[in-house]
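Summary of structural features
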Amino acid sequence: MAAPNELGVPRVTVLLVSHDGATWLPAVLEGLADQTVPPAGVVAVDTGSKDGSAELIEDTLSARGVPVTVLRAGSGTSYPEAVNRGLVELAQRGEEPEWVWLLHDDSRPEPDALEALLAVAAARPDADFLGPKLREWPSLRRLLELGVTISGTGRRETGLERGEYDQGQHDETREVLAVNTAGMLARRTALEALDGFDPQLALFGNDIDLGWRAAAAGRVTLVVPAAVVFHAEAAHRGVRRTPLTGRHTHFQERRAALYTLLANVRPWALPFQLVRLVLGSLLRMLGYLVVRSVGEALDELAALVAVCGRPGAVHAARRARARQRASTRGDVGPDTERVRRLLAPWWVPYRHGLDFFGDLLAAATNQAADVAERRRAAAAERDPTAAPPRRVDRPGDDDEAFEDSGWVVRFLTDPIAVVVAVVVLALVIGARGAFGDISGGALSPAPSGRGTWWTLHLESWHALGFGSAVPAPGYVLGLAVLGSAFGPGWAMSLLLITAAPLALWGAWRFLRVVARLLTPEGAPRWLLLWGAVTYAAIPLAAGAWGTGRWGVIVGATLLPWMAHAALGFADPEPGRRWRAAWRSGLILSLLVAVMPVMWWLFAALALVVVGTAALLVRSAIGDRSVWGPPLAGLAVPLVVLSPWWLPSVWHGAGAGLFLEIGRWPTPVTDGWALFAGRFGEAGAPAWIGVVLVALAVLALIPRASRVATLLCWLVAAVAAVVAIPLAVTMVDLPGLEQQQPGLGPALLLLHGSFVTAAVLGVVGARATVPAGRGPLLRGLLTGTTAVVALLAVLVPVGGLTWFAVDGADQLQARPPTGIPVYMQQRAETADQYGILVLRGSIDEGLTYEVVRGDGATVGEDEILALTPEDAEVTGTITALVTTPSPEAVEDLRGRGIAYLVLPAPVDGDVAARLDATGGLERASSADRATAAWEVSDPPTAESVEGPGSWLRVVLLVVQLVSIPVLIVWALPTLRRSRS
Amino acid sequence: MSGPDPSEGAGRRADRTTSGRSGRRAQVSRGAGALRSRLDVLVVLAVVLPLVVLASVAVIGEEQDHVPSAAAPEGAPLADATVICPASVSPGEGADVVAMRVPEVDGGEVTVRTGSARLRRPRTVDVPGPEPVALPRTDGLVALDATGDAASGLVAGRREALVSEPCRAPAYDEWFLGLGGSARNGSTLTLVNPDDSAAVVDVNLIGPRGPIDEDAGRGITIEGGRSVRVDLASVAPRRADVAAHLSVSRGRVSMTVEHRYDPLGSGEATVDTLPAQSRAASRNLLLGVAPAGSQRSLYLANPGDDEVRATVRVMNADAVFTPSDTEDVVVPPRTQVRVPLAGIVDAQAAEGMLGLVVEASGPVLSTVRGLDRGDLVAVGAAEVLRAPAAVVVPQGKARLVVGGARRAGVVRVRAYDAAGKVLLKNGRVEIGADRGASLALPAGTAGITVEASATPVAAAVVVDSDGGTPGSAVVPVRPADVTADVPVVRPR
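All values derive from a computational prediction rather than experimental measurement. (Residues numbered from 1 in each chain as written. Chains lettered and ligands numbered in written order. Predicted model: local features only at pLDDT ≥ 70, side-chain atom pairs only at ≥ 80, totals over all residues. Heavy atoms only, no water.)

1. Brief notes about the overall build of chain B
What counts, and what does not: Numbering of helices and strands runs from the N terminus; a helix is a DSSP stretch of H or I covering at least four residues, while a strand is a stretch of E covering at least two. This radius of gyration counts C-alpha atoms alone. The globule rule is 2.2 Å times how many residues there are, raised to the power 0.38. When a residue's accessible area, from a 1.4 Å probe over protein chains only, is under 20% of the maximum for its type it is buried; when over 50% it is exposed; and in between it is partly exposed. For every accessible area listed, the method is Shrake-Rupley and the probe measures 1.4 Å; residues are considered covered only by the protein chains on display. Within this scheme the basic residues Lys and Arg register as positive and the acidic residues Asp and Glu register as negative, but His and the chain ends are omitted. By convention, charge coordinates are those of NZ in Lys, CZ in Arg, CG in Asp, or CD in Glu.
Across its full length, chain B holds five helices and 35 strands. Against the globule reference of 23 Å for 492 residues, chain B gives a C-alpha radius of gyration of 34 Å, more extended than a compact globule. In terms of overall dimensions, chain B has a C-alpha envelope of 125 × 55 × 50 Å along the principal axes. A total of 492 residues make up chain B; the buried ones form 53% of that total. With the model as given, the accessible surface of chain B reaches about 21300 Å², and the carbon-plus-sulfur share is 48%. Here chain B contributes 52 positive and 57 negative side-chain charges, whose respective centroids are spaced 8 Å apart.

Okay, structure coming up:
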């Protein structure tokens, strides 16, 4: 081996740091020995290897004739210390090589790597640090790094796509902030001038820190793509564990990144950087939690605490850097222009966030879509003789591409798209009443304040009526979230207007997957369209809109999405089944919040289905991942809605678990109305609904789909049987009213099953159409089909037309209350200015009602109606209208009553007695037929205060924790390769 | 879906075609018998499941909306009572105001306030029972206030000859028919407020052609403890034949209407009170309408919004019958009509007449007003008595007229003189459905108690002049407040 200097080549000493690298070292050493420009010598620093790495280096290199010195250091030696040891050794030996080539024990240089580096070093004498192109070991062609920089959030930026292949696209020598220490060719004097690597950065991130410092000192770092080094990244990937990496490589990497940023940013940017890092770390934690990487989320937090918890270290590092700069650059200060140019652009973190969010959304929406595919794939795996599972794309299927035309042309030439647009338009026209304030039937006006729903949800004692501990309905939290974004009025409008189009979309997705479960071809788009529109029309044609049953309308939207999620129970993979459980459980929680009876229906359904499955497939009982997910899905609403149902039960409002939401009483629904899919007298003509039932019966004929249609009928039968006790009982509400338990869910499930059965029947029938029968039979079949199809089209068209024309007539803006306006306005200023409204007469009985704030609004009706009657209050009011006394008035004042109103027609007897009562003063009213009084002393704020409940706080915490946890569990796993 | 499956052949082939890819192994692996039994189960299910749905729907069947029923009030001991007597129609004649009670109630002390336009000088008078007690003599207003046990069953009246002037509790909503605002027929409203705070009354008039819009009758304020007299001529000048609807919008007021008929030179003016009507009904019984008299008219008022047709029938001691040749009276909505009585009841039908029955297709109010030997007499619809009642009888020759029974029964009458002495201990009147009856009362009767057994009845006292000025008066027997109504109060 000739001395390099003699050939005009600068003297290079290799500095190889190893730790338990025997796996890779043979190849590394071979690559080292094969260099076309041999180094002057090798100084290897082994940090306590137990696998004979040190000996391996010594023996191999000696055998190849490379001068080698192996230094043995303790296993706790950090990388900066090891490099220092090497430099010190060189200094002690009096060797002063111009260049030091740093190599790791898992980085194998190509034979011409050093040559290429030295060539560039010769061409660019200003360069002090040069790095090779790092490629993945052993896949060989994947790029790892071509120089690195750091983003404002501390992310190591390589500027490469994930797993990008090296096709020479980056082969350009350019200046970078830093290069990896694996293969870094460093000018020895520069390295020494920068005091080597920062010992605070034991293993990770020290290269970026060095590069940053070098750039700040005005030194040039170049990446030389002509030089190639293969790198296993053993420590980063967690393949190699050392006392330095610990078990948490992510923690070490983040700590290094945070430290690097804080130690090197310019002084004025430090506070801003600190705030940004704290917020960014929390956001990243959230991101890790969303993809269920709890360990990494905790590492993130720990790294933040580790760096921020030791401000002294950062301070010392910053002073050291300042000193260093002063010694090399004097008063010039850091080379900020160079650093700014080489740091990652400001928008990089945001682009990563957007990418992450997009990936997550795509994965979440496609979770259940391909359950049919996966079942077939699993079946094929079990039985390879079966045909390969493949979806057959027919012409006209939704993957059809019109690549050459614009979207307008594509839209107009697609009849299905045009029909969908017309239907959505009809739905919005029918829902026109919801643009603006709306109420009527079971729907109360929306509250005026954004905070009302939050207060209602969080408080354990409501200043409603004479005070109530009955909890807010389960849906109030959802409305509060929506209302915070849009305002309560618009939140309700948005819910009602978008409900039917969303139901259409959900039904389409559900029916598509169900049809694919049946046959690989699935259902044609026109059939899906029919099914989806028919389903979306069910609640509207039933009269849910006209009677203000907004729970049914919103529930009808959620039901197909929930059913779609529940299809995941049929997934061949247990993990996906569990995820389907959390997902469907979450949607079920929303569903149960707006339709409490839905839970009982699904409980019955789960019992029947799991029971039947256990009878038919005995092995299923042993497998917890078969029956577990459906039951877990059922349990989710119990946890998520615990702040609603548990307190309801112990405050005597358990009846709410069986009722529909909204203002009661609503007209009863009898058996035949249920059969025809109508709420009592409301709704489109009943015979249209009966046509759907007939279609569902016809759907039982095609044999190919009979099992599937029977399953639909099973669901329908369960819904019908559960509906019996619900329909024939009446729930006594406080006062004189009675309310039939909610039949809306049963109606939806019943007719939803009919729609599904009809769609499946057609799918089965299409598969059954005889090919070569006589013309007579074919003609007969065609004729029958035409008649049935015509009838079938009538169902959605009739329902929608009825809805668009006069479906919403009963709804209106706020109805008049008979209360003088000034009282109403005063009542809105504070809860204690309650208005006691007495209606009726002595002969026919009196009813009382308390109006507080802006009256009974959405979310408050159920609380008011389910609060048990307070006998004391009734007694006080009875006394007031028979033998009034100042004491009775004082009692009412103590309960937060500021006004008394007798709307017309007034019972003069009552009015005269109130006139004669001390403590009450006659108040004016615009309507002379209305009598009104004011309590002389206004009530105090304490009069409407009630006891708090720790239990509610606990339940709210449970809810607060369970919802994000369940969302995280329900989200798909994102497999992201680390760059 | 019962019977053999029509598409079975096609279905089986379909099974084969679709199972070409995925279903074959199922068929291969199982025997033909197992396959058939599986298919059979499917067919059975295809029949059973729809039937389950149908059966469930049938079980639910018809469901009716729950209609909350009106809750009748409960009785409770009366806590307080107020009875107000208007001022004397013809002052200076020295007619006593007499107080008494219905039978079988506790007595007690009653506070009496008197005054001409303002109630003052409260005194207490003990009214122990049915025996009449004379109150301090005055021609002005008299107000009786009683509380606790002394409140129940309190009745009072002024014994002014030829005048029907019972004292009444404050009311809130009353009708008076046959009013006038002219020189010949002039009506005056007397509004008395017994309480300390002010009261407000609205007077709405309706005439033969519908409501009369007069602002002067709106919001008449009566200060506490005072009375206000309103001449109808000032509210509705030159109007004749109107009905007045008095409604109290604030406080408590006792309302009386005096009517003055002035023949304008051809004789002496005559004054009487008009009967108050609290509510319209489709069957009105006017007890004590005399068989003879002059200028007698039947006033019918329809407060509702629908036209009402009324038939006038005659009641005597034997039956209630419709006189021949009478036509139905049509009362348009919100009007009062006047029908000459002579046109309805001819002399033959009037023979032995005890009263009139007005049967209408909807709720109406009715009053007969006319002259008996030159004296003004007005008779309103009688109120049904369901409990023992009492009435103060004016000076004169009195007889009790009863009617309106639902079934056969007996009415027991006890008569007292002004000193509280029993004149008639056990008067009996037998009564039946669809007929009336009468009983002559002893001379000097100042008050009677009336108790019907087995049936509710209506009653009135007809008093003829006992010498002096000829004429008569009809005093209705009204139910007295014995208990208080406690309404059923419910949250809404």
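What follows picks up the thread again.
2. Focus: the interface of chain B and chain A
Put simply, the rule reads: Residues are treated as being in contact if the distance between any of their heavy atoms lies within 4.5 Å. Put simply, buried area is how much 1.4 Å-probe accessible surface two parts lose in total, over both of them, once they are put together. What makes a salt bridge here is a side-chain nitrogen of Lys or Arg within 4 Å of a carboxyl oxygen of Asp or Glu, nothing more. Polar contact is the term for a pair of N or O atoms within 3.5 Å; when the atoms are in protein, one must be able to donate a hydrogen and the other to accept it, and sequence-neighboring residues count only if both atoms are side-chain atoms.
Taken residue by residue, the interface counts 60 residues in chain B and 70 residues in chain A. Contact between chain B and chain A buries roughly 5700 Å² in total, counting both sides, with carbon and sulfur atoms accounting for 65%. The interface formed by chain B and chain A holds zero salt bridges in total. Along the contact surface separating chain B from chain A lie seven residue pairs in polar contact (both at pLDDT 80 or more).

3. Considerations on the packing of aromatic side chains
Residues and elements named next belong to chain A. Applicable threshold: Between the rings of Phe, Tyr and Trp (Trp by its six-membered ring), a pair exists once the centres lie within 6.5 Å; its type follows the angle of the planes, with under 30 degrees stacked, over 60 edge-to-face, and the other angles tilted. Placement of a charge over a ring requires the Lys NZ or Arg CZ to be within 6 Å of the ring centre, with the centre-to-atom vector within 35 degrees of the ring normal.
Throughout the structure, instances matching the rule amount to 13 aromatic pairs over all chains. Taken together through their ring pairs, the aromatic side chains of Trp578, Trp582 and Trp969 make up a single cluster. Over the ring of Tyr833 we find Arg826, and its NZ or CZ is 3.8 Å from the ring centre.

4. Brief notes about the environment of Glu430 of chain B
Residue and element names in this part refer to chain B. Here Glu430 is to be found in strand β29 (residues 422-431). Taking the C-alpha atoms as reference points, Glu430 and Val410, separated by 20 residues in sequence, lie 4.6 Å from one another. With sequence-adjacent residues up to four places away left out, Glu430 is seen in contact with Gly409, Val410, Arg435 and Ala437.

5. Some details on the packing of helix α21 (residues 574-594) of chain A against helix α24 (residues 624-640) of chain A
Residues and elements named next belong to chain A. The test is simple: Here the axes come from fitting lines to C-alpha atoms, over the contacting stretch only for helices, and the angles between their N-to-C directions go from 0 to 180 degrees. To sort the angles, those under 35 degrees are grouped as roughly parallel, those over 145 as roughly antiparallel, those from 65 to 115 as roughly perpendicular, and the leftovers as oblique. Each crossing gets its handedness from the near helix: less than a right angle anticlockwise from the far helix is left-handed, clockwise is right-handed. Gly counts as polar in this scheme, as do all residues outside two lists: the nonpolar Ala, Val, Leu, Ile, Met, Phe, Trp, Tyr, Cys and Pro, and the charged Asp, Glu, Lys and Arg.
Two numbers describe how α21 lies on α24: the axes approach to 7 Å, and their chain directions differ by 30°. Put simply, α21 runs roughly parallel to α24. By crossing handedness, the relation of α21 to α24 is classed as right-handed. For the pair α21 and α24, the contacting residues are Pro574, Arg577, Trp578, Ala581, Trp582, Gly585, Leu586, Leu588, Ser589 and Val592 in the first and Arg624, Ser625, Val626, Gly628, Pro629, Ala632, Gly633, Leu634, Val636, Pro637 and Val640 in the second. A class-by-class count of the residues in the contact of α21 with α24 yields 14 nonpolar, five polar and two charged.

6. Digging into helix α10 (residues 311-329) of chain A
Residues and elements named next belong to chain A. Selection rule: A helix's residues, less one, multiplied by 1.5 Å, set its expected span. Think of the arc as the fan of directions from the helix axis to the C-beta atoms.
Helix length check: α10 (19 residues) gives 26 Å between terminal C-alpha atoms against 27 Å at 1.5 Å per residue, within 8%. Looking at α10, one finds that the buried residues are Ala313, Val314, Ala317, Arg318, Arg321 and Gln324. The arc enclosing the buried residues of α10, seen along the axis, measures out at 135°, which places them on a common side. The outward face of α10, more than 90 degrees from its buried face, is lined by the exposed residues Pro311, Arg319, Arg323 and Ser327.

7. Thoughts on unusual backbone geometry
Residue and element names in this part refer to chain A. Look at the link from Trp664 to Pro665: it is a cis peptide, with omega at -5°. Tracing the sequence through the fold places Pro665 in the loop between α25 (642-650) and α26 (671-676). Here Ala904 and Pro905 are connected by a cis peptide whose omega angle stands at -5°. Structurally, the position occupied by Pro905 is in the loop between β17 (897-902) and α35 (908-915).

8. As for the pairing of strand β12 (residues 220-231) of chain A
All names here are of chain A. Going by this rule: When DSSP finds two or more bridges between two strands, those strands count as paired.
Within β12, eleven of the twelve residues are buried, which leaves it mostly tucked inside the rest of the structure. By the bridge criterion, three bridges tie strand β5 (residues 107-109) to β12 in an arrangement that is antiparallel. Among the inter-strand pairings, Ser107 is bridged to a residue of β12, identified as His231. Sheet topology note: the strand β6 (residues 127-136)/β12 ladder contains nine bridges and is parallel. The partner of Gly131 across the bridge, within β12, is Val223.

9. Points about the sheet that holds strand β26 (residues 389-392) of chain B
Residue and element names in this part refer to chain B. Spatial strand order, β26-β31-β28-β29: four strands in an open sheet with antiparallel pairing. The sheet is open, and its two borders are formed by β26 and β29, each paired with just one other strand. Shown here is a sheet whose adjacent strand axes are inclined to one another by a mean of 20°, direction ignored. Bridge count between strand β28 (residues 409-417) and β29: seven bridges; the pairing is antiparallel. In the strand pairing of β29, Val410 is matched with Glu430.

10. What to know about the sheet that holds strand β18 (residues 920-923) of chain A
What the six strands build is an open sheet, ordered β18(A)-β19(A)-β17(A)-β15(A)-β16(A)-β35(B); its pairing is mixed. Whereas interior strands pair on both sides, the edge strands pair on one side only; in this sheet they are β18 of chain A together with β35 (489-491) of chain B. Pairwise comparison of adjacent strand axes, ignoring direction, gives a mean angle of 25° for this sheet. Direction of pairing for β17 of chain A relative to strand β19 (residues 931-935) of chain A: antiparallel, over a ladder of four bridges. The partner of Tyr899 of chain A across the bridge, within β19 of chain A, is Glu934 of chain A. Each of β15 (834-841), β17, β18 and β19 of chain A is contacted by helix α34 (residues 886-894) of chain A, which is oriented at about 115° to β17 of chain A, the strand it contacts most. The strands that α35 of chain A touches are β16 (845-851), β17, β18 and β19 of chain A; relative to β17 of chain A, the one it contacts most, it runs at about 145°.

11. Brief notes about the nonpolar core
Most often, soluble globular proteins keep nonpolar side chains buried together rather than apart. Residue and element names in this part refer to chain A. Selection rule: Buried Ala, Val, Leu, Ile, Met, Phe, Trp, Tyr and Cys residues that are joined via side-chain atoms within 4.5 Å together make up what is termed a nonpolar core.
One finds Trp550 and Phe602 to be the most contacted residues of the largest nonpolar core, which totals 147 residues. Top contributing element to this core by residue count: helix α18 (residues 488-518), with 16 residues. If we ignore the near neighbours within four places in the chain, the residues touching Phe602 are Leu559, Met562, Leu588, Leu591, Leu634 and Leu749. Counting residues in each nonpolar core, the second largest holds 39 residues, with Leu32, Val120, Trp137 and Val224 among its members.

12. Brief notes about a negative patch on the surface
To keep things clear, this is the line we draw: Here, patches come from residues exposed beyond 30% relative accessible area and free of salt bridges, joined within 9 Å for like charges and within 5 Å for nonpolar side chains (Val, Leu, Ile, Met, Phe, Trp, Tyr).
A surface patch of like charges, here negative, comprises Asp843 and Glu844 of chain A together with Asp481 and Asp485 of chain B. With respect to the helices and strands, the residue Asp485 of chain B is situated in strand β34 (residues 483-486).

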